[in-house]
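Tertiary structure, described
Listed below are the residues making up each chain.
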Amino acid sequence: MTTEAFARVKIDELLRDAGWRLTDGQSIRFEYSLSGGGRADYVLFDRQGRALAVLEAKKTSVDLTNGEAQGRRYADELGIPFIFLSNGEEIWFCDKDQDAHFRPVKTVFSQDDLARRKAARDIRRNPLDIPIDTRIAGGGGRLYQIACIDTLSREIVQGRRKMLVEMATGTGKTRMAAALIKRMFEASWATRALFVVDRKTLAIQAEDAFAEHLPHLPCYRVPQTGRRFQDEKRVTSVTLQTLVNEYEKYSAGYFDLIIIDECHRSIYGKWRRALDHFDGVKVGLTATPCIMQDEPDLDDEDRISIRDTLRFFEVSRPTYSYTMAEAIADGHLTPYEIYRAMTARTAATEGFTVSRDEIDWDALDENTRTELDRLFGTQDPLTVDPTVLERKFTIPERNRAMVREFRDVLENGYTGPNGIRRAPEPGKTIVFAVTKHHAETLARMFDAAFADKKPSPSIRYADFVVSGTGPDDTIDGPAKIKRFKKEEFPQILVSVNMLDTGFDCPEVRNLVMARFTHSAILYRQMRGRGTRLAPDKKRFTMWDFTGVTLRHNDDETANEGGIVTVRATDKPPSRPRRLLTLDVHDEIDPGTREWVTVDETGRAFMDAEEAHAEVLGAAFETWLETKRFNADQLRLLHLVKEQIIANAAELTSFDSWRFDQPPLSMNGGFERARAVFGGEAKLEDVLTAMNSAVFGQGGSDASDPAPARRTPPNE
């Protein structure tokens, strides 16, 4: 078999993968004779027999650029816009009237996707000629939303396929996205859109927003892994965790427009393959100032996140930017003040000392006593970094002091050294805590401190929600959040990872920073929870009990921060301190932050099996990103991934005997897998590496000789 013939065999497989029927004599014509002479290797037709695209096949050893001119000539003769080039491994695509250059795509587009694009293309209009629906965006003087949509529309018409929008939290990114989608649909530049988020609660919010703003467009949310996308719907909302386990089931042309929310934490690592798979125009939305990457004190993880975001969208700065300072100056966000009052321990920037005799050792459990004794070692006193409070150490009196300070200043205000008295606005309050233990402790303390404000002792004035820490997650978190937003009580909600980002409650007037973070990205997201406008809301107050505003240089910046009031804390009374050792880990992983599953009715429940399936699927994609496989190998590995996800509850490894079990046995079984990977030894090497990456081990029977792996354990 010649190399070109071999390439065509592989191209046939790529076409089958995209759903094309090779043997019906209508969908695809081979060696198609052209009126001007010559034969096109493949011509792809719609269901009515009209030509849609030409596909030129090349030898694997031939550079695909050598086929560009030939493909364009054939497309001109056929009067069609779409051209594919392929050698069986790579696929390049071009819309000859829109694209100056061919670009790589992950799959051949399906027949339906090509026909849909062709039909829209024939009636396409300049989106800049389509009025923006100001009932969705741009109304109420929010001209920046119109400017943003116009900028994106102009870039798309000019051929830009990746754009980045930086808009401050609370300035209406979702509304802007909805108005952009409507304009692009009305101009026929898009007929199917995808809105990607990284948390289920945000997917629900997006679904509700699109249903309100785009009632004429069928919108829906993919609730969980395993649910097929609805072809008849126009706007799809999905989490990255679901998308990464479903994307390979669809052709690269399935979505025309892809909008990625909170993209600064979404577009790298294990998620990138899913986003790169689709060829649609991609627009990233972020509230994180991407110019921060040059700041000398920026946290390393923030710097990497910003760098990767800019790199993914292939820009050096955002395509459009509207900052928090601009929004406050324009009256679209609420200004704020900072009230800083740190305890003596917290304010000890060089660390504070704790001596053995300060500790009530009898009050500690055995594990804590052992850990503390190890930490002290031969040193007494022990120097503690204040930023690890509630991460590794807790001082109960410190938490009580914060709660007392909050109530006292909230009710009585504070008169500074200049004689000016200032008082925060009472109202809904979010408290940012570190761990579940910390959140529950603070919620109980706040509830007790405001007991006289409750209509009944059984009512919770303060409650807490936790997300992202596995078994500690609050199962009824969404219900608590809904009560906080819609009902009078609770007035205070203590959060661990649940309300840091993407939470919208305009009535919030106070943010209590009981958690320290080095991340400027996270800090700005937390601060953004208070910026939204509400009736009679003149400002909101950030209560800094940790020094986090000092870390991020948040002081008297014009139009952004208000007067910073610092209350000196009295020296704490001389009495023994109780120190408890807690979990030192405090990193946030976007891939595992949301284990609360929400079904179609909005009911929240803990579904450990689904969560485990998503984790395995994400781990599989992370491993795949580090490897290089050919098209046949990737096709087989995607089938393996589907089996891992489908059987996540029982699998601890995937061994080669499973290839001879349905449904993989219907794809040629073990012999097919061995041939695809070039031999049994190489196949076993791939499976061993995959099992190590996905399941954290080499496989349940990794020590057995290779032939035994083809035998199920119960045989």
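1. Quick word on the sheet that holds strand E11 (residues 257-260)
- One open sheet holds the 7 strands; their spatial order is E9-E10-E8-E11-E12-E7-E13, and the pairing between them is parallel. On the outer flanks of this sheet lie strand E9 (219-221) and strand E13 (320-322), each paired with one strand and no other. Averaged over all neighbouring strand pairs, the angle between strand axes comes to 15°, with direction disregarded.
- When strand E8 (residues 193-197) meets E11, the two strands line up parallel, connected through 4 bridges. Following the sheet pairing, Val 196 is matched in E11 by Ile 260.

2. Comments concerning the pattern of salt bridges
- With the rule as written, the count across this model stands at 50 salt bridges.
- Where Asp 122 meets Lys 118, a salt bridge forms, and the shortest distance between an N and an O atom there is 2.9 Å. With Asp 122 and Lys 118 both in helix H3 (residues 111-122) and 4 residues apart, the pair spans about one turn of that helix.
- Judged by relative accessible area, Asp 122 falls into the partly exposed class, the value being 48%.
- Linked by salt bridges that have partners in common, Asp 99, Arg 103, Asp 113, Arg 116, Arg 117, Arg 161, Arg 192, Asp 256 and Asp 279 make up one network.

3. What to know about the nonpolar core
- Ranked by size, the top nonpolar core spans 68 residues in total, and within it Met 176, Ile 181, Phe 210, Leu 257, Ile 259 and Val 283 carry the most contacts.
- Counting residues per element, this core draws most heavily on helix H5 (residues 173-186), at 8 residues.
- The residues touching Ile 259, leaving out its near neighbours within four places in the chain, are Ala 177, Leu 180, Ile 181, Leu 194, Phe 195, Val 196, Val 283 and Leu 285.

4. Thoughts on the sheet that holds strand E5 (residues 91-95)
- What the 6 strands build is an open sheet, ordered E1-E2-E3-E4-E5-E6; its pairing is mixed. The open sheet is flanked by strand E1 (28-33) and strand E6 (103-104), the only strands paired with a single partner.
- Direction of pairing for strand E4 (residues 82-86) relative to E5: antiparallel, over a ladder of 5 bridges. Bridge pairing in E5 places Leu 85 opposite Trp 92.
- Together, E1, strand E2 (39-45), strand E3 (51-57), E4 and E5 form the strand contacts of helix H2 (residues 68-78), whose direction differs from that of E3 by roughly 155°.

5. Quick word on the packing of aromatic side chains
- According to the stated counting rule, one finds 28 aromatic pairs in the structure shown.
- Ring geometry for Phe 406 versus Phe 450: centroids 6.1 Å apart, planes at 65°, classification edge-to-face. Of this pair, Phe 406 sits in helix H13 (residues 396-412) while Phe 450 sits in the loop between helix H14 (436-449) and strand E21 (462-466); the two residues are 44 residues apart in sequence, bridging distant segments of the chain. Accessibility classification places Phe 406 together with Phe 450 in one group, the buried group.
- Seen in terms of ring centroids, Phe 620 and Trp 623 are 5.6 Å apart; in terms of plane orientation they differ by 70°. Their pairing is edge-to-face. Of the two residues, Phe 620 and Trp 623 both sit in helix H18 (residues 608-625), 3 residues apart, roughly one turn of that helix. Pair check on accessibility: Phe 620 and Trp 623 agree, each one buried.
- Sitting over the face of the ring of Phe 45, Arg 29 holds its NZ or CZ atom 4.5 Å from the ring centroid.
- Between the NZ or CZ atom of Arg 192 and the centre of the ring of Tyr 254, over which it lies, the distance is 3.9 Å.

6. Observations regarding H13
- Taking 1.5 Å of rise per residue, the 17 residues of H13 would be expected to cover 24 Å, and the 24 Å separating its terminal C-alpha atoms lies within 8% of that figure.
- Buried within H13 we find Pro 396, Glu 397, Arg 398, Asn 399, Met 402, Val 403, Glu 405, Phe 406, Arg 407, Val 409 and Leu 410.
- Following H13 by one or two positions, Gly 413 adopts a phi angle in the positive range, close to 70°.

7. Thoughts on the side chain of Lys 10
- Structurally, Lys 10 can be placed in helix H1 (residues 3-17).
- Accessibility expressed as a relative area gives 9% for Lys 10, which makes it buried.
- Once you skip the residues sitting within four places of it in the chain, Lys 10 turns out to touch Gly 88, Glu 89, Asn 630 and Asp 632.

8. Concerning the confidence of the model for the chain
- When pLDDT is averaged along the chain, the result is 81; 80% of the residues meet or exceed 70.
- Low confidence marks residues 556-606, where pLDDT is under 50. Its contacts with residues over four positions away, or in another chain, come to 146 contacts.

9. Focus on the environment of Ala 53
- Turning to its location among the elements, Ala 53 is positioned in strand E3.
- Sequence-wise, Ala 53 and Phe 109 are 56 residues apart; in three dimensions their C-alpha atoms are separated by 9.8 Å.
- Residues within four places of Ala 53 in sequence aside, it is in contact with Tyr 42, Val 43, Leu 44, Ile 80, Phe 82, Phe 84 and Leu 114.

10. Observations concerning the pairing of strand E7 (residues 162-167)
- The buried count for E7 comes to 6 of 6 residues, which makes it a mostly enclosed element.
- Burial of E7 is two-sided: the residues Lys 162, Leu 164 and Glu 166 facing one way and the residues Met 163, Val 165 and Met 167 facing the other way are all buried.

11. Here we look at unusual backbone geometry
- The omega angle of the peptide bond from Phe 489 to Pro 490 is 5°, so this bond is cis rather than trans.
- Looking at the element boundaries, Pro 490 is found in the loop between helix H15 (477-486) and strand E22 (492-496).
- At the junction of Pro 662 and Pro 663, the peptide bond is cis and its omega measures out at 5° in the coordinates.
- Its place among the elements puts Pro 663 in the loop between helix H19 (631-646) and helix H20 (669-676).
- Positive phi values are uncommon outside glycine, yet Glu 314 reaches one of about 60°.
- Here Glu 314 lies in the loop between helix H9 (300-312) and E13.
- Positive phi outside glycine occurs at Asp 536, with the angle close to 65°.
- Following the sequence through the fold, Asp 536 ends up in the loop between helix H16 (520-527) and strand E24 (540-544).

12. Some words on the packing of helix H4 (residues 143-157) against H5
- It is at 10 Å that the axes of H4 and H5 come closest, and there the two elements cross at 45°. If you check the angle between H4 and H5, you find them oblique. Relative to H5, H4 is oriented so that their crossing is right-handed. Taken together, the residues of H5 that come into contact with H4 (itself represented by Gln 145, Cys 148, Ile 149, Asp 150, Leu 152, Ser 153 and Ile 156) are Met 176, Ala 179, Leu 180, Arg 183 and Met 184.
- Counted by class, the contact of H4 with H5 contains 8 nonpolar, 2 polar and 2 charged residues.

13. Side note on the packing of H19 against H20
- Where H19 meets H20, the closest approach of the two axes is 9 Å, and the angle between their N-to-C directions is 140°. For the element pair H19 / H20, the angle class is oblique. Crossing hand, H19 versus H20: left-handed. Every residue of H20 that contacts H19 at Asp 632, Gln 633 and Leu 636 is listed here: Arg 672, Ala 673 and Val 676.

14. Considering the side chain of Arg 142
- Mapped onto the elements of the fold, Arg 142 is located in the loop between H3 and H4.
- In this structure, Arg 142 is buried with no salt-bridge partner, the nearest side chain bearing the opposite charge being Asp 330 at 9.0 Å.
- There is a polar contact of 2.6 Å between the side chain of Arg 142 and the side chain of Tyr 144.
- Once residues within four sequence positions are removed from consideration, Arg 142 is found in contact with Gly 170, Thr 171, His 332 and Leu 533.

Conventions adopted
Residues numbered from 1 in each chain as written. Predicted model: local features only at pLDDT ≥ 70, side-chain atom pairs only at ≥ 80, totals over all residues. Heavy atoms only, no water. Pairing = 2+ DSSP bridges. Helix = DSSP H or I, 4+ residues; strand = E, 2+ residues; numbered from the N terminus. Axes fitted to C-alpha atoms, helices over the stretch in contact; angles between N-to-C directions. Salt bridge = Lys/Arg side-chain N within 4 Å of Asp/Glu carboxyl O. Buried < 20%, exposed > 50% of the residue type's maximum accessible area, 1.4 Å probe, protein only. Core = buried A, V, L, I, M, F, W, Y, C linked by side-chain atoms within 4.5 Å. Contact = heavy atoms within 4.5 Å. Phe/Tyr/Trp six-rings, centres within 6.5 Å; stacked < 30°, edge-to-face > 60°. Lys NZ or Arg CZ within 6 Å of the ring centre and 35° of its normal. Expected span 1.5 Å × (residues − 1). pLDDT = per-residue confidence, 0-100. Parallel < 35°, antiparallel > 145°, perpendicular 65-115°, else oblique. Left-handed = near helix turned anticlockwise from the far one by under 90°. Nonpolar A, V, L, I, M, F, W, Y, C, P; charged D, E, K, R; others polar. Lys, Arg positive; Asp, Glu negative; His and termini not counted. Polar contact = N/O pair within 3.5 Å; in protein donor to acceptor, adjacent residues only side chain to side chain.

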